[in-house]
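Listed here are the chains, written in short residue letters.
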Amino acid sequence: MSRIVVLGGGYAGITCLIELAKKAPQFELHLVDSNAEHCKVTNLHKTFANPIEEFRVPYAQLAQRFNFSFHQHQITFTEEDLQSWQQKKALPLGNIELHFDYLVIATGATPALQREEERVFGLQALVDGRGPTLLENWSKTAQERQLNISLIGAGATGIQVLFELQEQLHKNRLDYRLNLIDRGLRTASQLPEAAHRYIVRKMRREGINYLAETEFCGQTQNSINLKERKTNKEFSLPCDATLFFPGVKRSPFAIQTNSYGQVESNGHLLPEIFSAGDSAKYAGSGFNQLTAQAALRKGKLVAGNIRNLHAGRGLRRYRYQEKGYLLSLGSFDAVGWIGLRCNLIRGFPAIALKEAMESQYNLYLGGMDTYVGSP
């Protein structure tokens, strides 16, 4: 029986395993990940009001449902290691080796900058489930005086966390001030300009202070140090805590692949090693951004191409194009586009559609595939 090993259990890795489990039951499947649970990271902004357990699924549970073996193990590697794995057809797990016929690397992405210190909290704080505790502590401060919180980064995570936090503080009738600090000229660069204007108008209505073209220099006991990018002028604002979301980068590095998802290393094709998800940088014109949407489609493509390669059939190129992008702006609002970038959708219809997309992925984890279209 041929063995497939998937390294990394994010959106791409889990999708690849589910596709293979359903469509190629003759394969022996293995997942290797350093964590015990799959995390639905697109829901992390909700963890101020909801326990993180609502957005985690144990790998052991998925392994039983989709008939694969799970190995909890941390693996660090370089590009040279990839060539060694191809030659040996084995992945080192401590003192043993896990042999494979095909390997899929889906190690995802990590924050572009790591800066977690006293009063500065990054994405890991939400992954660890610390959102409710942080909110409780900040709420106690806001009952005594004005609470000042700053968020660094106006990408998808920063904006969604900003409005979720604002909603929770407002719901409790607390005295607070929120700042959004942005190195760039505009919010949500992945969305059309009209979406940026919608977000800025909402921030203005909610009393959120937006500072574009501004650098974060550090957090002290009760203030945040900033610098204007145009003038290099440094200044400070009152701040009790900073939430730091500078974006993400491919982890542990950008893994180059051909348009079929096969890894290319130093000019050499590694035909039995594929990559999918945020860690993979695909050749060709397919949608290649670091999003769950692209990760899922790459996972589907790789699963299909492993089946085809094993059966001696031709491989399919990755040609998937983005179908839309939506950002949550609280429980009852969202903004983005569907179908065409000029087709802007906002308000309750947008949040209803975004929640439907999250439900679609939940169904997929349960064994029901409602995704249509070619990857």
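Residues numbered from 1 in each chain as written. Predicted model: local features only at pLDDT ≥ 70, side-chain atom pairs only at ≥ 80, totals over all residues. Heavy atoms only, no water.

### A short note on the overall build of the protein
- A tally of regular secondary structure across the protein gives nine helices and 25 strands.
- Relative to the 2.2 N^0.38 estimate, which gives 21 Å for 375 residues, the radius of gyration of the protein is 22 Å and therefore close to what a compact globule would have.
- The dimensions of the protein, computed from C-alpha atoms along their principal axes, are 65 × 45 × 40 Å.
- Within the protein, the proportion of its 375 residues that are buried is 50%.
- For the protein, contacts bridging at least 24 residues in sequence account for 66% of all contacts bridging at least 6.
- Approximately 16,900 Å² of the protein is accessible, and the part contributed by carbon and sulfur atoms is 48%.
- Charged side chains in the protein number 43 positive and 36 negative. The centres of these two groups are separated by 7 Å. (Helix = DSSP H or I, 4+ residues; strand = E, 2+ residues; numbered from the N terminus. Rg over C-alpha atoms; globule rule 2.2 N^0.38 Å. Buried < 20%, exposed > 50% of the residue type's maximum accessible area, 1.4 Å probe, protein only. Contact = heavy atoms within 4.5 Å. Areas by Shrake-Rupley, 256 points an atom, 1.4 Å probe, with all protein chains shown as cover. Lys, Arg positive; Asp, Glu negative; His and termini not counted. Charge placed at Lys NZ, Arg CZ, Asp CG, Glu CD.)

### Quick notes on the packing of aromatic side chains
- Scanning all chains against the criterion turns up nine aromatic pairs.
- For the ring pair tyrosine 59 and phenylalanine 70, a centre distance of 5.0 Å and an interplane angle of 40° mean the geometry is tilted. Residue tyrosine 59 is located in helix H2 (residues 59-66), and its partner phenylalanine 70 is located in strand E5 (residues 69-72); the two are separated by 11 residues in the primary sequence.
- When the centroid spacing of 5.6 Å and the interplanar angle of 50° are considered together, the rings of phenylalanine 216 and phenylalanine 244 count as tilted. In this pair, phenylalanine 216 sits in strand E14 (residues 214-219) while phenylalanine 244 sits in strand E17 (residues 241-244), placing the two residues 28 residues apart along the sequence. There is no split in this pair, since phenylalanine 216 and phenylalanine 244 are both buried.
- Among the aromatic residues, those joined into a ring-pair cluster are Phe48, Phe121 and Trp138.
- Here the basic side chain of lysine 202 rests over the ring of phenylalanine 163, its NZ or CZ set 5.3 Å away from the ring centre. (Phe/Tyr/Trp six-rings, centres within 6.5 Å; stacked < 30°, edge-to-face > 60°. Lys NZ or Arg CZ within 6 Å of the ring centre and 35° of its normal.)

### Remarks on helix H9 (residues 347-365)
- The terminal C-alpha atoms of H9, which comprises 19 residues, lie 28 Å apart, in line with the 27 Å expected from a rise of 1.5 Å per residue.
- Within the sequence span of H9, burial applies to Gly347, Ala350, Ile351, Lys354, Glu358, Tyr361, Tyr364 and Leu365. The buried residues of H9 occupy an angular sector of 135° when projected down its axis, which confines them to one face.
- Remark: glycine 367 follows H9 within two positions and exhibits a positive phi of approximately 110°. (Expected span 1.5 Å × (residues − 1). Arc of directions from axis to C-beta.)

### Side note on the state of the cysteines
- The final tally for this structure, using the stated rule, is zero disulfides.
- Unpaired in this structure, cysteine 239 has its nearest cysteine sulfur neighbour in cysteine 217, at a distance of 13 Å. (Disulfide = S-S within 2.5 Å.)

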